[in-house]
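Observations on the model geometry
Spelled out from the first residue to the last, the chains are:
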Amino acid sequence: MNLNKENILALLEEIIHPEFEKNIVELGMIENIDISDNEISFSILPKRQQDPFAASIKKKCEQLLSEKFSSVTVKITERGKRQNTANREQTQTNYALKDVKHIVAIMSGKGGVGKSTISSNLAVTLANRGFKTGLTDADIYGPSIPQMFGVQNSQPMMVKVDDIELIEPVESYGVKLMSISFFINHAEALIWRAPMATSALRQLAGGTYWGELDFLLIDFPPGTGDIHITMTQELNLDGIIIVTTPQPVALADAIRGINMFGHEKINVPILGLVENMAWFTPDELPENRYYIFGMNGGKKLAAEKQIPFLAEIPIVQSIRQSGDDGIPAVCTSDIQAKVFDELADNFLKQIK
Ligand SMILES: Nc1ncnc2c1ncn2[C@@H]1O[C@H](COP(=O)(O)OP(=O)(O)OP(=O)(O)O)[C@@H](O)[C@H]1O
Ligand SMILES: [Mg+2]
């Protein structure tokens, strides 16, 4: 076999990427092939950040080429292993994110612990302080952000920017919002499998005209599954905020989240933990605290796992009410604003 570019590509076409089920040439992963007297060199461009198959693909390329062309050395460089914020615009999907400084996801292992409440009130608090803030409702199966901001009937417009079609976010309380519920009905999304949901989310975050943002918060769906891993890697998250309530079942799920995001293959900084529903305070007895889900569960977990403790947020009827009414709690009372101010202060300390 002659040593030329065509033959090298023909050989590399035998290598199939296990995730995308296509060969690596077809996927556009091979770049800059160079042949000199006794050396073949080229770059492999991983299909996504932290591609778990990148190392084995590189090894297969080396084996295959060394077998066929035994007299030459093979030099392969892996490109763009983890993009940093400065070169997010490398892919079209990420075009929309190129002027976004920080992307942070809010997650919880257990459902219903207050992710959306905390995402929306943190977003409004940051926006009120002058930070340009966006919020993606990534909870495909239970989107609640539009309702919490009172914009459930909004219909986002399409805009063309530099010849790329993007969706214009809906703005409410100074925050740019995007949610799947602007486009589809809930029953339809419920039957989506993970790849479909992930691709919809990719469109939402990466297809929105965010413009310049200091912070893009992502309200994740509950749990620690495929969708979370893919989104975390594709969006190149700057950090995760974990929300839990103090009771043992929620803490056990929070630990799963801490372990997953802290795992060396994912390795996203955990910016901290928020203990929501830390105690109940009735409106008529504001000094009284009832620890109905247990006391300090989140605080203790944060200390144990050595992650920052960002805030403890009480159960107050007005927080639930304001969520249902579509007015973020921080806009309804000074007491709520103070609670979320503390969260914002601690969050900003971690992200800077
Ligand atoms: N601190 C709080 N005080 C009172 N009500 C709260 C508080 N936090 C959340 N809630 C209420 O609890 C319910 C669940 O909260 P939320 O929707 O924010 O949780 P979630 O973790 O996003 O849920 P899901 O997993 O379904 O997405 C909502 O009705 C919300 O208004
Ligand atoms: Mg939610």
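What to know about the overall build of the protein
Helix and strand counts for the protein stand at eleven helices and 15 strands. Taken along the three principal axes of its C-alpha coordinates, the protein extends 85 × 45 × 40 Å. Out of the 352 residues in the protein, the part that is buried amounts to 40%. Looking at the protein alone, contacts between residues at least 24 apart form 74% of all its contacts between residues at least 6 apart.

A short note on the site of ligand 1
Not every one of the 20 residues close to ligand 1 is listed here, only the nearest: Gly111, Ser116, Thr117, Arg320 and Gly323. Split into classes, the residues belonging to the shell around ligand 1 amount to seven nonpolar, ten polar and three charged.

With respect to the sheet that holds strand S4 (residues 39-44)
Reading across from one edge, S3-S4-S5 is the order of the three strands in this open sheet, with mixed pairing throughout. Of all the strands in the sheet, the pair left with one neighbour each is strand S3 (30-36) and strand S5 (73-78). Direction aside, the axes of adjacent strands within the sheet are offset by 15 degrees on average. Across the sheet, helix H1 (residues 5-12) lies against S3 and S4, angled at about 135 degrees from S3, the strand it touches most.

Some remarks on helix H2 (residues 54-68)
Taking 1.5 Å per residue as the helical rise, H2 with its 15 residues ought to reach 21 Å, and the 22 Å between its terminal C-alpha atoms agrees with that figure. Of all the residues in H2, the buried ones are Ala54, Ile57, Cys61 and Leu65. On an axial view of H2, the arc spanned by its buried residues comes to 65 degrees, and they lie on one face. Opposite the packed face of H2, turned more than 90 degrees from it, sit the exposed residues Ala55, Lys59, Gln63 and Glu67.

Quick word on helix H9 (residues 297-305)
Buried residues of H9: Gly297, Gly298, Leu301 and Ala302, and no others. The arc that holds every buried residue of H9, seen down its axis, measures 130 degrees, which confines them to one face. Seen from the buried face of H9, the exposed residues on the opposite side, beyond 90 degrees, are Ala303 and Glu304. For H9, the elements touching its buried residues are strand S13 (239-244), helix H8 (248-262), strand S14 (270-280) and strand S15 (309-315).

Side note on the domain arrangement of the protein
Reports of interface size often rely on the accessible area that becomes lost once the parts have come together. Parsing the protein into structural domains produces domain 1 (5-78) and domain 2 (86-351). Computed from C-alpha coordinates alone, the two centres of domain 1 and domain 2 are separated by 39 Å.

A look at the packing of helix H6 (residues 194-206) against helix H7 (residues 226-234)
For any two helices packed against each other, one specifies the inter-axial angle together with the distance between the axes. Two elements in contact, H6 and H7, have axes whose closest approach is 10 Å; the angle formed by their N-to-C orientations is 30 degrees. In terms of crossing hand, the pair formed by H6 and H7 is right-handed. Across the interface between the two elements, Ala194, Ala197, Thr198, Leu201 and Arg202 of H6 pack against Asp226, Ile227, Thr230, Met231 and Glu234 of H7. The residue makeup of the contact of H6 with H7, split by class, is five nonpolar, two polar and three charged.

Brief notes about the confidence of the model for the protein
For the protein, the average pLDDT comes to 87, and 92% of its residues sit at 70 or higher. Considering each helix and strand of the protein separately, the mean pLDDT is smallest for helix H5 (residues 186-190), with a value of 68, and largest for helix H3 (residues 115-128), with 98. Between residues 81-92, whose pLDDT stays under 50, and residues either more than four places distant or in other chains, the model counts 18 contacts.

Thoughts on unusual backbone geometry
One non-glycine residue, Asn32, lies in the positive phi region at around 55 degrees. Located in the positive-phi region is Asn296, a residue other than glycine, with phi close to 60 degrees. Looking at the secondary structure, you find Asn296 in the loop between S14 and H9. Judged by local crowding, Asn296 falls into the partly exposed class, with 16 C-beta atoms found within 10 Å.

Criteria and thresholds
Residues numbered from 1 in each chain as written. Chains lettered and ligands numbered in written order. Predicted model: local features only at pLDDT ≥ 70, side-chain atom pairs only at ≥ 80, totals over all residues. Helix = DSSP H or I, 4+ residues; strand = E, 2+ residues; numbered from the N terminus. Buried ≥ 20, exposed ≤ 12 C-beta atoms within 10 Å, placed from the backbone. Contact = placed C-beta atoms within 7 Å. Near = placed C-beta within 6 Å. Nonpolar A, V, L, I, M, F, W, Y, C, P; charged D, E, K, R; others polar. Pairing = 2+ DSSP bridges. Axes fitted to C-alpha atoms, helices over the stretch in contact; angles between N-to-C directions. Expected span 1.5 Å × (residues − 1). Arc of directions from axis to C-beta. Domains from an automatic or database assignment. Left-handed = near helix turned anticlockwise from the far one by under 90°. pLDDT = per-residue confidence, 0-100.

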